[in-house]
Amino acid sequence: QVRFVESGGGLVQPGGSLSLSCAASGFEFYSRSMDWYHQAPGKDRDLVARIVPGGDRAWYENSVKGRFTISRDDSKRMLYLQMNSLKPEDTGAYYCNAVLPAGQDYPWGQGTQVTVTS
C-alpha cells in the first residue's frame, strides 16, 4: 500500500538549516508531482513546495521562496526539502504527499517535527 515516511526534523535556532527526507512507496513515484506540506501548531496543513516528475521544475509558497529547496531522487523513491535561514514561523510538522487527480488521495505519513527557537 501507499506509504510516506518523513524524517530529518529537529530543534534548530533561527537562521539554522535542516534537511528533510521522505521515503515513498506503493505507487509510481517517478510519474507523480510531489509536495511538501507544513502544519503549524493549531493550524491547517499548508502546501509549501511542489516538484514535477523528473525534478526540472518546482514551485514554492512565497514565505519559503529563496530559503527552501525541494528535490527528488526517482531511483530511490525519495523526496527532499533543504531548509535554510529557518524562522520561528517555520515551526511545525512537515509532511510529503503525491499530487493526485481531484477526488483521490493517499494516506498521510506521520510527518517530521521542526522546531525553530532560540
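Keep in mind that what you see is a predicted model, and the values were worked out from it rather than measured. (Residues numbered from 1 in each chain as written. Predicted model: local features only at pLDDT ≥ 70, side-chain atom pairs only at ≥ 80, totals over all residues. Heavy atoms only, no water.)

*Asks:* So, the environment of T91: which residues are in play, and what are the values?
*Replies:* Position of T91 among the secondary structure elements: in the loop between β8 (78-83) and β9 (92-98). Judged by relative accessible area, which is 16%, T91 ranks as buried. The spatial distance from the C-alpha of T91 to the C-alpha of K65 is 16 Å, given a sequence separation of 26 residues. Discounting chain neighbours no more than four positions away, the residues touching T91 are H38, A40, P41, Q113, V114, T115 and V116. (Helix = DSSP H or I, 4+ residues; strand = E, 2+ residues; numbered from the N terminus. Buried < 20%, exposed > 50% of the residue type's maximum accessible area, 1.4 Å probe, protein only. Contact = heavy atoms within 4.5 Å.)

*Asks:* Report on the pattern of salt bridges, specifying residues and quantitative values.
*Replies:* Applying the stated criterion to the full structure yields 3 salt bridges. Close ionic contact of D35 with R50 constitutes a salt bridge, the shortest N to O distance being 2.6 Å. Of this pair, D35 sits in strand β4 (residues 34-39) while R50 sits in strand β5 (residues 45-51), placing them 15 residues apart in sequence. On the accessibility criterion, R50 (30% relative accessible area) is partly exposed. Notably, a salt bridge pairs D90 with R67, separated by 2.7 Å at the nearest N-O pair. Here R67 lies in the loop between β6 (58-60) and β7 (68-73) and D90 lies in the loop between β8 and β9, a separation of 23 residues in the sequence. (Salt bridge = Lys/Arg side-chain N within 4 Å of Asp/Glu carboxyl O.)

*Asks:* Would you mind going over the sheet that holds β5 in detail, with residue names and values included?
*Replies:* Each strand in a sheet pairs with its neighbour through backbone hydrogen bonds, running either in the same direction (parallel) or in the opposite one (antiparallel). Taken in spatial order, the 6 strands line up as β2-β10-β9-β4-β5-β6 in an open sheet, and their pairing is mixed. Two strands in the sheet have a free side with no partner beyond their single neighbour: β2 (10-12) and β6. Neighbouring strand axes in the sheet, compared pairwise and without regard to direction, differ in orientation by 25° on average. (Pairing = 2+ DSSP bridges. Axes fitted to C-alpha atoms, helices over the stretch in contact; angles between N-to-C directions.)

*Asks:* Tell me what's going on with the state of the cysteines, and back it up with residues and numbers.
*Replies:* Tallying each qualifying case throughout the model produces 1 disulfide. A sulfur-sulfur separation of 1.9 Å characterises the disulfide bridge that pairs C22 with C96. Here the disulfide of C22 and C96 is right-handed, its torsion about the S-S bond being about 60°. A residue pair is termed long-range when its members are at least 10 positions apart, and C22 in strand β3 (residues 18-25) and C96 in strand β9 qualify at 74 residues. Both residues of the pair, C22 and C96, belong to the buried class. (Disulfide = S-S within 2.5 Å.)

*Asks:* I'd like a description of the nonpolar core, backed by residues and values.
*Replies:* If you look at the biggest cluster of nonpolar residues, it comprises 29 residues, and the most contacted ones within it are F4, F27, W36, L79 and L81. Looking at this core, the elements that each hand over two or more residues are β3, β4, β5, β7, β8, β9 and β10 (112-116). Top element by residues in this core is β3. It accounts for 4 residues. (Core = buried A, V, L, I, M, F, W, Y, C linked by side-chain atoms within 4.5 Å.)

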